[in-house]
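# Notes for the structure review
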Amino acid sequence: MSFADIVLRVILVLSGAFVVFTGADFALGGIMSLGLEGPPMPASFAEADGFHVRDSHTRFIGGVWLGVGLVLLASAVWFRALRTALLACVVLIFIGGVARFSAGQPDILFGPQVIVPLTLELIGMPLLFYWVWHAQRT
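Now for a look at the structure at hand. (Residues numbered from 1 in each chain as written. Predicted model: local features only at pLDDT ≥ 70, side-chain atom pairs only at ≥ 80, totals over all residues. Heavy atoms only, no water.)

### Examining the overall build of the chain
We apply this condition: Put simply, DSSP marks the helices as runs of H or I at least four residues long and the strands as runs of E at least two long, and each gets a number from the N terminus on. Partly exposed residues are those whose accessible area sits between 20% and 50% of the maximum for their type, while under 20% is buried and over 50% is exposed, using a 1.4 Å probe and protein chains only. Only heavy atoms matter for contacts: two residues are in contact if any of them lie within 4.5 Å across the pair. Residue exposure ignores everything except the shown protein chains as possible cover, and the areas themselves are Shrake-Rupley values with a 1.4 Å probe. Charge counting treats Lys and Arg as positive and Asp and Glu as negative, with His and both chain ends excluded. Each charge is placed at NZ for Lys, CZ for Arg, CG for Asp and CD for Glu.
Scanning the chain from terminus to terminus reveals five helices and zero strands. Along the chain, helices (α) and strands (β) appear in the sequence α-α-α-α-α when read from the amino end. Projected onto the principal axes, the alpha-carbon positions of the chain cover approximately 55 × 30 × 25 Å. Counting only residues that meet the buried cut, the chain has 30% of its 138 residues in that class. Long-range pairs, those at least 24 residues apart, make up 61% of the contacts in the chain between residues at least 6 apart in sequence. Carbon together with sulfur atoms contributes 73% to the accessible area of the chain, which is approximately 8,700 Å² in total. Distance between charge centres in the chain, computed from 7 positive and 8 negative side chains, equals 17 Å.

Here's what the structure looks like:
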């Protein structure tokens, strides 16, 4: 295994662990989160039924994100077998980054809490895609 392959696998482990961590925060904590990434988010209970539906959707999305993280982690071990799934996950993360622009709030988008993940999504993921695409298939 080359040095580049080792570095790629380390990046997959670190990014996978982070994605699993953040996914679990919302999969298990819902809209308000478990607070693993900071203080739990405030949420309004103005319409209890609507809140619970949105909370359920948030848990689902958190679970999907958790699953993406598990693919990243597993790809570090079973790279060849999971290469296609890994590439798909990388594309999905990029699409998620692009979707952030639909909020139409540049002050939030380019603010300190979002700019780092946005940069990783829009720049890091295409670079990772290229790297994985060209990585040895062994």
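### With respect to the packing of aromatic side chains
Here is the rule we go by: Stacked, edge-to-face and tilted are the three classes for Phe, Tyr and Trp ring pairs, Trp counted by its six-membered ring, which pair at centre distances within 6.5 Å; planes under 30 degrees apart are stacked, over 60 edge-to-face, the rest tilted.
Under the defined criterion, the tally for this structure stands at two aromatic pairs. Ring plane angle 65° and centroid distance 6.2 Å describe the contact between Phe101 and Phe110, whose orientation is recorded as edge-to-face. Geometrically, the ring pair formed by Phe129 and Trp133 is stacked, given 5.9 Å between the ring centres and 15° between the ring planes. One end of the pair is Phe129 and the other is Trp133, both in helix H5 (residues 115–134) and four residues apart, which spans about a single turn. On the basis of relative accessible area, Phe129 is assigned to the partly exposed category, the value being 27%.

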